Amino acid sequence: MTTRYLLIGAASLTLAACAAGPDYVRPQPGASAQGQFVAARPAITTPDAPQDGWWRLYQDPVLDGLVGNALAANTDLRVAIANLERAQASLRESRTQLLPQTTVSAQPTYGRTSALQRAPGLPAEDWRIDAGLNVNYEVDLFGRVRRALEASRADVGAAVAAADAVRVTVVAETVRAYADASSAAERIAVAERTLDLLDRTVDLSAKRFAAGRTSRLDVARVTALRSQQQATIPPLRAQRDAALFRLALLTGRAPADLPPEVGQRAVTLRLDRPIPVGDGRALLARRPDVREAERRLAAETARIGVATADLYPRITLGGSIGSTSNTISDMFGAGPLRWLAGPLLSWAFPNMEGGRARVAQAEAATRSALATFDGAVLKALQETETALSAYAHRLEQRQALQSAVEQARVAARISRAQLREGRADSLTVLDAERTLAGAEADLANADAQVAASQIDLFRALGGGWQTDAAQVAQAASSVQ
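Residues numbered from 1 in each chain as written. Predicted model: local features only at pLDDT ≥ 70, side-chain atom pairs only at ≥ 80, totals over all residues. Heavy atoms only, no water.

Enquirer: So what's going on with the sheet that holds strand β6 (residues 337–346)? Residues and values would help.
Expert: If you trace the 4 strands from one edge of the open sheet to the other, you get β2-β3-β5-β6, paired in antiparallel fashion. The open sheet has two edge strands, β2 (101–112) and β6, and neither has a second partner. When strand polarity is set aside, the average angle formed by the axes of neighbouring strands in this sheet is 20°. Across 10 bridges, strand β5 (residues 314–325) lies against β6 in antiparallel orientation. (Pairing = 2+ DSSP bridges. Helix = DSSP H or I, 4+ residues; strand = E, 2+ residues; numbered from the N terminus. Axes fitted to C-alpha atoms, helices over the stretch in contact; angles between N-to-C directions.)

Next comes the structure, spelled out in structure tokens:
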């Protein structure tokens with residue numbers, strides 16, 4: 001008999017060591033997805049790992065403070081952190097399933113008892129107090145509880161990655177809004193310088209007309225060009241204001257609360273060094289959307305085990321102790337005390353079709369999560385390669401436009417000198433001024449596009465939001 005009990009106990013322990021459903025295996029992207037980037041160029045990028053706090057490469061204390069404000073007060077980030085806290089609370093709830101479940105109850109009532117139900121000599125109306133303690137513990141033979149706990153852990157990991165993704169977005173959009181405001185201010189300055197040159201040309205043309213050396217048509221043409229240039233400034237100011245208002249939203253402020261120093265920069269953000277981009281393997285390990293998809297896949301795989309375990313019997317060990325009496329002092333006497341203990345076996349047999357359907361649903365959800373993970377990997381690579389290519393070609397465009405501006409300035413300077421000397425007509429000067437104004441505007445736009453491409457690349461790389469709490473607080477205080 002003793003040997004029999006030992007064998008039964010050993011079999012129970014063996015079953016308890018098993019968990020229904022498949023064990024999760026982290027998927028590994030192909031070798032081509034983990035190598036160097038196709039669009040990376042040695043002149044503008046390096047294979048070094050991207051550094052945390054990438055916005056500090058711009059060496060702008062005001063920007064550092066704005067990013068600190070955004071990480072501390074952005075409303076989207078607050079939502080993501082609350083979702084993470086909810087997932088962590090759900091994990092704590094799942095962990096309690098590994099422990100015995102206890103319930104304490106107490107119910108005082110006052111009522112009338114029929115003569116047939118009460119003992120002789122007892123009053124017809126009296127208090128009745130019922131109290132008890134129930135204890136239940138599920139014997140996790142087939143790993144249902146452990147698989148549920150595994151799924152909850154993976155859900156927390158997914159929530160952490162989702163919060164990281166929001167941080168990446170918030171930081172990138174904060175830097176973008178600051179860059180947009182700065183580039184708009186620079187384009188306004190370029191337009192105002194061009195307007196000042198055209199004012200001089202209008203004045204010179206008016207003097208030549210007064211001296212009879214040119215026609216009113218020439219004066220009208222130059223004046224029209226000057227008015228056209230002036231008309232480009234209000235939209236640029238509106239763009240700058242819109243960027244500043246976006247900054248206020250991203251940093252959790254009302255527009256009126258944005259510090260004045262935020263709008264003082266009038267030069268587009270620029271980098272004077274190659275950008276560290278790492279390789280595909282580091283990218284996939286760093287990108288929050290890839291990490292979130294991988295954790296979702298782990299959670300769905302664990303839920304197959306939960307659904308599979310429901311196909312097998314569930315054993316719960318339980319017990320209770322309680323007492324019913326008319327007074328509190330009589331509750332703990334030997335007479336009214338009651339207790340019971342024993343196992344409970346529950347099994348949805350032979351109606352198993354519903355359980356099998358739930359297993360099929362979990363398996364389909366896992367296949368969907370796997371496809372989502374594969375898509376996240378491909379998207380990460382596509383976004384990074386696209387950002388690298390766009391950045392390289394934007395730099396090439398800017399270089400060509402810089403040369404065009406230099407030549408246009410030479411042509412405009414020569415034409416103005418020839419006009420003063422009477423060796424060129426106003427139409428030639430007008431054409432040179434128009435060419436210079438367009439070239440400088442194009443160069444300023446190209447600078448803005450280069451900055452935007454840099455930010456797109458940093459965002460595609462998927463990291464660089466991690467910051468020490470003290471550094472965040474210190475940076476944020478600089479723009480309070």
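Now that the structure has been shown, the text picks up again.
Enquirer: Tell me about the nonpolar core, and please be specific about residues and values.
Expert: In this structure, Trp54, Tyr58 and Val175 are the most contacted members of the largest nonpolar core, which totals 52 residues. Mapped onto this core, the elements with two or more residues apiece are α2 (61–73), α4 (144–210), α6 (233–250), α7 (280–286), α8 (288–309), α9 (353–421) and α10 (426–461). Broken down by element, this core gets its largest block of residues, 9 residues, from α9. Look past the residues within four positions of valine 175 in its chain and what remains in contact with it is Trp54, Trp55, Tyr58, Leu63, Val67, Leu269 and Ile455. The next biggest cluster of nonpolar side chains, apart from the first, holds 9 residues, and it includes Leu401, Val405, Ala432 and Ala446. (Core = buried A, V, L, I, M, F, W, Y, C linked by side-chain atoms within 4.5 Å. Buried < 20%, exposed > 50% of the residue type's maximum accessible area, 1.4 Å probe, protein only. Contact = heavy atoms within 4.5 Å.)

Enquirer: Can you explain the packing of aromatic side chains? Please cite residues and give values.
Expert: Within this structure, the stated rule accounts for 4 aromatic pairs. When the centroid spacing of 4.5 Å and the interplanar angle of 15° are considered together, the rings of tryptophan 54 and phenylalanine 458 count as stacked. Of this pair, tryptophan 54 sits in the loop between β1 (45–46) and α2 while phenylalanine 458 sits in helix α10, and the two are 404 residues apart along the sequence. Both residues of the pair, tryptophan 54 and phenylalanine 458, count as buried. For the pair phenylalanine 142 and tyrosine 312, a centre-to-centre distance of 4.6 Å together with 20° between the ring planes defines the contact as stacked. One end of the pair, phenylalanine 142, is in the loop between β3 (125–139) and α4; the other, tyrosine 312, is in the loop between α8 and β5, with 170 residues separating them in the sequence. (Phe/Tyr/Trp six-rings, centres within 6.5 Å; stacked < 30°, edge-to-face > 60°.)

Enquirer: Residue-level account of the environment of threonine 102, with values.
Expert: Structurally, threonine 102 can be placed in strand β2. Remark: the alpha-carbon pair of threonine 102 and glycine 318, spanning 216 residues in sequence, is separated by 9.7 Å.

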